[in-house]
Amino acid sequence: MENTCLFCRIVAGEIPATVVHRTETTLAFRDIDPKAPTHVLVIPVAHHADVLSLAADPSAAADVLAAAAAVAEQEGLTGGFRLIFNTGPHGGQEVFHVHAHVVGGAPLGPMLAAR
Ligand code: 5GP
Ligand code: ZN
């Protein structure tokens, strides 16, 4: 746990969140500013700053992927969904505890905004 990390503090129960799924190694909770009808963040309990760090811990990476799949099923995203890891400045990452965005519940449009 990193005291200054927002998502570590959510894991510790110090900051409230609407938790929708939990395993020993992962936590999933609703995004505070949803960008789609369903917008859930799936995180490893262990602190990893970004997906590059998570990839170096294959067990945690697999657990996050399995939890994201479970969330998609639980949320009834039968029409499909996106699983997004924003990474680094170009990816627009704002919170540096890795999180998979599970977004869906309606057609999501083009993958990226037109440039
Ligand atoms: P990023 O840009 O790092 O990929 O995404 C960070 C996400 O965390 C954003 O979608 C933002 O709305 C969400 N977020 C930021 N602070 C909080 C919070 O305190 N609680 C919850 N549930 N989500 C948050
Ligand atoms: Zn953290």
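Here is a short report on the structure shown in this document. Sequence order as written defines the numbering, with residues in each chain counted from 1. Each chain takes a letter, starting from A, and each ligand takes a number, starting from 1, following the order in which they are written. Predicted model: local features are reported for residues with pLDDT of at least 70 only, side-chain atom pairs are reported and counted for 80 or more only, and whole-chain, interface and lining totals are derived from all residues. Derived side-chain values reflect all non-hydrogen atoms in the structure, with water molecules and hydrogen atoms excluded from consideration.

Description of the packing of aromatic side chains
And step 1. The rule is short: rings of Phe, Tyr and Trp, with Trp giving its six-membered ring, pair when the centres are within 6.5 Å, and they are stacked under 30 degrees, edge-to-face over 60, tilted in between. One pass over the structure, following the stated rule, counts one aromatic pair.
And step 2. An angle of 80° between the planes, with centres 5.3 Å apart, marks the rings of F7 and F29 as edge-to-face. Of this pair, F7 sits in helix α1 (residues 6-11) while F29 is found in strand β2 (residues 26-30), placing the two residues 22 residues apart along the sequence.
And step 3. Exposed residues in this analysis have more than 50% of their type's maximum accessible area, buried residues have under 20%, and partly exposed residues fall in between, with area computed by a 1.4 Å probe over protein chains only. For F7, a relative accessible area of 6% gives the class buried.
And step 4. When its relative accessible area of 2% is taken as the criterion, F29 is described as buried. Numbered from the N terminus, helices here are DSSP runs of H or I no shorter than four residues, and strands are runs of E no shorter than two.

Some thoughts on the site of ligand 1
And step 1. In these notes, residues near a molecule or strand are those with any non-hydrogen atom within 4 Å of it. Close contacts around ligand 1 come from 16 residues, with R30, D31, E94, H99 and H101 the closest.
And step 2. To be clear on the numbers: accessible area is Shrake-Rupley with a 1.4 Å probe, and residue cover counts the displayed protein chains and nothing else. A total of 520 Å² of accessible area belongs to ligand 1 in isolation, and the protein chains cover 85% of it.
And step 3. Looking at the shell around ligand 1, the elements that each hand over two or more residues are α1 and β2.
And step 4. Each residue is assigned to one class: nonpolar for Ala, Val, Leu, Ile, Met, Phe, Trp, Tyr, Cys and Pro, charged for Asp, Glu, Lys and Arg, and polar for all the others, Gly among them. The class makeup of the residues in the shell around ligand 1 is six nonpolar, five polar and five charged.

Keep in mind these numbers describe shape, not what the thing actually does.
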